[in-house]
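Structure assessment
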Amino acid sequence: MSAPRSRSALVLLLTAVVAGCAIVVFAVLALLRDPSDDAAWVAVVLGGLFIAWGITFDRLPDDDDGDGDGDHHEHDHDHDHSHGQGWTPRRLNTTLSTGLAMTGAYVVIRALGRPVDTALVGALAWPAWRLVNRFLDGVVRRRGARGEADGATD
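Residues numbered from 1 in each chain as written. Predicted model: local features only at pLDDT ≥ 70, side-chain atom pairs only at ≥ 80, totals over all residues. Heavy atoms only, no water.

1. Observations regarding the packing of aromatic side chains
Tallying each qualifying case throughout the model produces one aromatic pair. Between Trp 53 and Phe 57, the ring centres sit 4.9 Å apart and the planes meet at 20 degrees, which makes this aromatic pair stacked. Pair noted here: Trp 53 and Phe 57 are both in helix 2 (residues 38–58), with a separation of four residues, about one helical turn. With relative accessibility at 33%, the residue Phe 57 sits in the partly exposed group. Note that Arg 91 overlies the ring of Trp 87, its terminal NZ or CZ placed 4.9 Å from the centroid. (Phe/Tyr/Trp six-rings, centres within 6.5 Å; stacked < 30°, edge-to-face > 60°. Helix = DSSP H or I, 4+ residues; strand = E, 2+ residues; numbered from the N terminus. Buried < 20%, exposed > 50% of the residue type's maximum accessible area, 1.4 Å probe, protein only. Lys NZ or Arg CZ within 6 Å of the ring centre and 35° of its normal.)

2. Observations regarding the nonpolar core
In this structure, Ala 16, Ala 27, Ala 43, Leu 46, Leu 49, Trp 53, Leu 96, Leu 100 and Val 107 together form the largest nonpolar core, which totals nine residues. For this core, the secondary structure elements donating two or more residues are helix 1 (7–33), helix 2 and helix 3 (89–111). By residue number, the principal contributor to this core is helix 2, which donates four residues. Beyond its immediate sequence surroundings of up to four residues, Leu 46 is in contact with Ile 23, Leu 100, Thr 103, Gly 104 and Val 107. (Core = buried A, V, L, I, M, F, W, Y, C linked by side-chain atoms within 4.5 Å. Contact = heavy atoms within 4.5 Å.)

Okay, here's the thing in C-alpha cells:
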C-alpha cells in the first residue's frame, strides 16, 4: 500500500480538478452562445487538460527512482523518455504540462482579442523553445563526449 498523500498534494489535485471543471463549464456556455468560437473549443480542451494534469501530478512517485526507469540523475530533465517502456507518470505529466501551456496561451491570447495566427504563434512558442533546448543539450553532450570546450576560444 502506498504512503498517504500530503495535504498540499490533495489541495493541488482538488484545485486542478475544480479549475478544469470551471473552465469547461464557462467554455460550454460560450459555445452555446457561439458555436464557432475557436477559443471556447480550445478552452474545453484546456479544462480537460487541467483535470488530467491534476490527476497525473497526484500519481507522480515521491522519489526520482519511482518510475523504474533506472538512475534519473544521469539524464537531467530528459529522464522522462524511457525507451520502450511506454508512458511513465512523469512523462505523461510533462506532456500534459506542455498541452496546458499551449492551450492556455491560445485561449488567453484570443481572449485579449488578438487574431488566430497570433494565438497559434503564442501557443507554439513553448514547445518550440523546448525543442531548441533539447537540440542544444544534445550538441553540448556530443561536444562533451568528444572532449571539446563548451565556450569559444580566445
